[in-house]
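# Fold and geometry: a report
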Amino acid sequence: MSLLEVLCTADIHIGRRPSRLPDRSESAEFSPREAWADLAATAVNRDVDAVVVAGDLVDSENRYAEAFGAVESVAATLAEADIPLVAVAGNHDAGVLPDLADAIDHLQLLGRNGTWERQPLPGADGESRLHLDGWSFPSQYHHESPLATYDLSDEGVPRLGVVHADLSDEDRYAPVEIDDLAASGHAAWVLGHLHVPGRRHDNPPVLYPGSLQPLDPSETGGHGAWVLSVEADGTVDTEPLGTATLHYEDVVVSTTPEQDFHDIVDAAHEQLRDVVTECGTETELLAVNLVIEGRTAAHTDLRSRRGELEGIELTDGGTAIRVIDVDINTRPSIDLAERAGDEDPIGYLAGLLRALDGDEPLDPYQDVIEAAHVSVRETHESNAYRELKSHDESYTRPTEAETKDVLRQQARQLVDAFVEQQGVTADE
């Protein structure tokens, strides 16, 4: 059994609503404010020893009035269960979180004004079993690593570092290096700022809980709070709880030439239901960007009936599935063998493609292949390629096989363009 359990979260952004949901009522139902309120019940039911927020609890400074009630309610619920609520400020709430902490009982802010501060966390015996070391953004931007000013001593108690910081190449948001975190002597780190959840280092764990509730379609996959379990020997395990009620996902449906519109819709339904099985048990809404790709005779039909695809609504178990956007990346389907030899551009190109693939004699198309090869070589021998050739010792002139590959690609694109032109209806 773990010595301590700490529920960790970050990037709640109270004041924002998820984007691209079907209607405003749903965006309110799945807002970060609602996810934050649910978090209190999760913490109490799990009987954790503390709740830690690694910054951006509130979306911005002008959200004070809107955020006050939500933060106060959760703080009071946790206090009744004797669960401390400890937070650091991020770049979005650097101005407002200190004011909220001053006004709300039981909300403890660590590391005001860009200084390091420690909060001991006692175990069941009352002895300090974990030190929470926190640093808060002093303003919206901070160009230096917070670790450069770390000055808290090692007292022989496992330390959990909590900071809103950026492991990417961006230098405006408290940039940190993973090697510096790993070498700091802390048992684990909980970071805010990047919304993609997951561990960035294993020993010691360096965890981004990610956004508590996804905020836009780019935040795909599962989200929610995490639990850090501190063992008796000071090691730390991490566990994602999957508490988010909203799940964005990109779902790709690959078509085959023989499928018609209804077949493709059925395939989309099947794939959407498969995706639900990968969602967390708390997921109430799966919001999908549906991508349809491949060659199909239904290419034109898909484009003209796009609205029907955007209207897809399913329910699987307790999860509603809504398509919020559709990308039609299909290409027309054509039987090259059937069209080859026709007295039109498509017939000629179909024959050329079959010849290039070895399905027909190549002799009738030898002139165009030779002309293409001359053109490709002239292009590669032009001044535009001089710099490349002078710096790349492996550079060689294009071979005939490479010319055929280029010709094959261009012919296929032309066939698609001609077929699509012939298939477009007047109202498109």
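Below or above, wherever it landed, is the structure these notes cover. The shown structure was predicted, so the numbers you read here are calculated from the model rather than taken from an experiment.

### A look at helix H6 (residues 261–276)
The end-to-end C-alpha distance of H6 is 23 Å, a good match for the 22 Å that 16 residues give at a rise of 1.5 Å each. Looking at the buried side of H6, the elements it contacts are strand S13 (246–254), strand S14 (285–296), helix H7 (299–304), helix H8 (306–310), strand S15 (313–316) and strand S16 (319–332). Here H6 starts with a cap whose side-chain oxygen sits 3.2 Å from the backbone nitrogen of His 262, and that cap is Asp 260.

### Re helix H10 (residues 345–356)
Taking 1.5 Å of rise per residue, twelve residues should cover 16 Å, and H10 covers 16 Å from first to last C-alpha, within 8% of that figure. In terms of burial, H10 is a largely internal element, ten of the twelve residues being buried. Among the residues of H10, Ile 346, Gly 347, Leu 349, Ala 350, Gly 351, Leu 352, Leu 353, Arg 354, Ala 355 and Leu 356 are the ones counted as buried. Where H10 terminates, the next one or two residues include Gly 358, which has phi positive at roughly 85°.

### As for the environment of Leu 356
Along the chain, the position of Leu 356 falls in helix H10. Judged by its relative accessible area of 10%, Leu 356 is buried. Residues Leu 356 and Gly 280, 76 residues apart in the sequence, show an inter-C-alpha distance of 49 Å.

### Some details on unusual backbone geometry
The amide bond that connects Asn 203 to the next residue, Pro 204, takes the cis arrangement and shows omega of 5°. Tracing the sequence through the fold places Pro 204 in the loop between strand S9 (198–202) and strand S10 (205–208). One non-glycine residue with positive phi stands out, namely Ala 174, at about 55°. Looking at Ala 174, the relative accessible area reads 0%, which means it is buried. Of note in this structure, His 193 is not a glycine but carries a positive phi near 115°.

### Examining the pairing of strand S11 (residues 226–230)
The side chains of a regular strand alternate between the sheet's two faces. Of all five residues in S11, five are buried, a share of seventy percent or more. Neither face of S11 is exposed, since Trp 226, Leu 228 and Val 230 on one face and Val 227 and Ser 229 on the opposite face are all buried. Bridge analysis of strand S1 (residues 4–9) against S11 gives five bridges, and the strand direction is antiparallel. If you follow Leu 7 over to S11, its bridge partner there is Val 227. Note: S11 against strand S12 (residues 236–240), five bridges, orientation antiparallel. Within S12, the residue paired with Val 227 across the bridge is Glu 239.

Calculation notes
- Residue positions are given per chain, counting from 1 as you read along its sequence in written order.
- Reporting of local features is limited, given that this is a predicted model, to residues whose pLDDT is at least 70; pairs of side-chain atoms are given and counted only at 80 or more, and all residues count toward the totals for whole chains, interfaces and linings.
- Hydrogen atoms and water are omitted, and side-chain values are computed over all heavy atoms in the structure.
- Strands are runs of DSSP state E lasting at least 2 residues, helices are runs of H or I lasting at least 4, and numbering of each runs from the N terminus.
- Expected span, for any helix, means 1.5 Å times one less than how many residues it has.
- By definition in these notes, contact holds between two residues if any of their heavy atoms fall within 4.5 Å.
- Each polar contact in these results corresponds to two N or O atoms within 3.5 Å; when the atoms are within protein, one needs to be able to donate a hydrogen and the other to accept it, and residues that are neighboring in sequence are counted only if both atoms are side-chain atoms.
- Categorising residues by exposure relies on relative accessible area from a 1.4 Å probe, with only protein chains included: less than 20% of the type maximum marks a residue as buried, more than 50% marks it as exposed, and the intermediate range marks it as partly exposed.
- Here, any two strands with at least 2 DSSP bridges between them count as paired.

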